[in-house]
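# Remarks on the overall topology
Each chain, written out:
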Amino acid sequence: MTSYTIPGMHVREHEIAVPLDWANPGESITVFARELIDPVRKHEDLPCLLFLQGGPGGKGPRPTGVSGWIEHALKKYRVVLMDQRGTGRSTPVSGRRMASMSAAEGADYLACFRADSIISDAEQLRTKVFGGRRWSTLGQSYGGFLTLTYLSKAPDALTACYVTGGLASIDPSAAEVYRRTYPRVAAKNREFYRRYPHNVERVGRIADRLAESDVRLPDGDRLTVRRLQSLGIDFGMKPGYERIHWLIDEAFDGDELSDGFLGHVLGASSYLDGPLFAALQESIYGSGDGATGWAAEAERARHPEFAEDARPLLFTGEMMYPWMFAEIRGLRPFQGAVEALAQRSRWSELYDLERLAANDVPVAAAVYFDDMYVDSGLQLDTAHRVGNVQAWVTNEYEHDGLGTQRVFERLTELVAAIGGGIPDQ
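The structure presented is a predicted model; accordingly, all values stated were derived computationally and were not measured. (Residues numbered from 1 in each chain as written. Predicted model: local features only at pLDDT ≥ 70, side-chain atom pairs only at ≥ 80, totals over all residues. Heavy atoms only, no water.)

### Brief notes about the overall build of the protein chain
- Across its full length, the protein chain holds 17 helices and 13 strands.
- Here the C-alpha atoms of the protein chain give a radius of gyration of 22 Å, agreeing with the 22 Å that 2.2 N^0.38 yields for 425 residues.
- Dimensions along the principal axes, computed over C-alpha positions, put the protein chain at roughly 65 × 45 × 45 Å.
- In the protein chain, buried positions account for 57% of the 425 residues.
- A fraction of 77% describes how many contacts in the protein chain between residues 6 or more apart in sequence connect residues 24 or more apart.
- Of the accessible surface of the protein chain, which amounts to about 17,000 Å², a share of 49% is contributed by carbon and sulfur atoms.
- A gap of 3 Å separates the mean positions of the 46 positive and 58 negative side-chain charges of the protein chain. (Helix = DSSP H or I, 4+ residues; strand = E, 2+ residues; numbered from the N terminus. Rg over C-alpha atoms; globule rule 2.2 N^0.38 Å. Buried < 20%, exposed > 50% of the residue type's maximum accessible area, 1.4 Å probe, protein only. Contact = heavy atoms within 4.5 Å. Areas by Shrake-Rupley, 256 points an atom, 1.4 Å probe, with all protein chains shown as cover. Lys, Arg positive; Asp, Glu negative; His and termini not counted. Charge placed at Lys NZ, Arg CZ, Asp CG, Glu CD.)

If you want it as structure tokens, here you go:
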């Protein structure tokens, strides 16, 4: 086991072998996790907090110092940062491997990287590395989806659950998610242009240039208007408006689009550092019977205000479209597999509704009222239908509110106020 100390944190590294397919064990993959602890308490028998990263396809944080929620957590816990299967140092899903498989083989392979498998990995980690003791979880965004699957599959493993911006609907439907989120994205666009009205002309000028000319990104991909629009995924984060504003501010070098602008757009839209985020974006809603069927693409057709020739040009949000897997170099090896996944009509069940209704594990959830990614109405419906959930509804934070120390601190206060979590023994 590798261990070392960085400022404010002692780190231990863990690797375990798990089946690629938990339903039909055969091929094995590796799951990696880092354990963080206050250096002066590294010999103490502290309880564990498992961080469930957002995503899908998210790797654990790489902390550079003690701050935010980690600073608060280290006062009480050993913090476990798991790289979700297929990411980081957990056997990664690569374009090379995807290119070697047929569409059907690729779809079957990607289906092994969903919430039920991730939770089975977490249980293996808890049992093999941490002695099988109960632990608490903190789920950010998609990590909240994972939390509900954990409460459905193995509630006896959990002492308390904290969720930030991620109480998924327990009636999974990609179509309903996008029906609700397109209007939210349109509202974010209105706020962006209200804040920076001169960007209406600037963004339109960029779009006109892309529509008229063959503009290439540094990797050779053509920059299309719809790829430009996809940068709006950042509008759901607290500094997102400002990041896009400053990008647009330096978009032109004379009459041409600047190298800096093109380089930034490539970095923000290539998905090279996280292809599973794009490949599984709609498949996380597959549960039981029914195809997801490119729900974001179907819903976009009902919103002409998002057309590429509309002005002001509206940016899109956390939506993945079929064209991305043809136009974006890093996603092309996934194209056949994601097309097959979109048509898949039978999925493993993600949630046990009866078990969730009877849940007795304390759950405290921050519901961001204006959340662009996870609809607050769906979150509150889940809060009402899952037992022992306390929902803290706020519009003070955006989806990245966990980056402040106060959000996690507030959630721990809510659980403490009702007597704390279940003992970890």
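### Details of the packing of helix 3 (residues 103-110) against helix 14 (residues 335-343)
- At a minimum axis separation of 7 Å, helix 3 and helix 14 run at an interaxial angle of 70 degrees. If you check the angle between helix 3 and helix 14, you find them roughly perpendicular. Contacts between helix 3 and helix 14 involve Ala103, Gly106, Ala107 and Leu110 from the former and Gly336, Ala337, Val338, Ala340 and Leu341 from the latter.
- Classifying every residue of the contact of helix 3 with helix 14 by side-chain character gives 7 nonpolar, 2 polar and no charged. (Axes fitted to C-alpha atoms, helices over the stretch in contact; angles between N-to-C directions. Parallel < 35°, antiparallel > 145°, perpendicular 65-115°, else oblique. Nonpolar A, V, L, I, M, F, W, Y, C, P; charged D, E, K, R; others polar.)

### A word on unusual backbone geometry
- With an omega of 5 degrees, the peptide bond running from Gly55 to Pro56 counts as cis.
- Inspection of the secondary structure assignment puts Pro56 in the loop between strand 4 (48-52) and helix 1 (68-73).
- In this structure, Pro312 follows Arg311 across a cis peptide bond, with omega equal to 0 degrees.
- Relative to the assigned elements, Pro312 resides in the loop between helix 12 (295-300) and helix 13 (324-327).

### Some remarks on the UniProt feature "domain: AB hydrolase-1" (unreviewed entry) in the protein chain
- Here the UniProt-annotated "domain: AB hydrolase-1" (unreviewed entry) positions come out as residues 48-197.
- The span residues 48-197 is 45% helical and 15% strand by assignment, and the distance between its end C-alpha atoms comes to 48 Å. (UniProt positions renumbered as here; feature names shortened; annotations may be inferred.)

### A few points about the pattern of salt bridges
- This model, assessed by the stated rule, comprises 39 salt bridges.
- Of the charged contacts in the structure, one is a salt bridge between Arg85 and Asp121, with a shortest N-O distance of 2.6 Å. Here Arg85 is found in the loop between strand 5 (78-82) and helix 2 (95-99), whereas its partner Asp121 is found in helix 4 (residues 115-128), with 36 residues between them in sequence.
- Arg344 is the salt-bridge partner of Asp108, the closest N and O atoms lying 2.5 Å from each other. (Salt bridge = Lys/Arg side-chain N within 4 Å of Asp/Glu carboxyl O.)

### Looking at the sheet that holds strand 13 (residues 389-394)
- The sheet built from 9 strands is open, its strands ordered 1-2-3-5-4-6-7-12-13 with mixed pairing. Two strands lie at the open edges of the sheet, namely strand 1 (3-6) and strand 13, each paired on one side alone. Recorded for the sheet is a direction-independent mean angle of 25 degrees between the axes of neighbouring strands.
- Summarising the sheet, strand 4 and strand 6 (residues 135-140) pair through 4 bridges and their orientation is parallel. Pairing of Leu50 across the sheet is with Thr137, part of strand 6.
- Helix-sheet contacts for helix 5 (residues 142-153) involve strand 4, strand 6, strand 7 (158-164) and strand 12 (363-368), and the interaxial angle to strand 6 is about 140 degrees.
- The sheet contacts of helix 17 (residues 405-417) involve strand 4, strand 6, strand 7, strand 12 and strand 13, and relative to strand 7 the element is tilted by about 140 degrees. (Pairing = 2+ DSSP bridges.)

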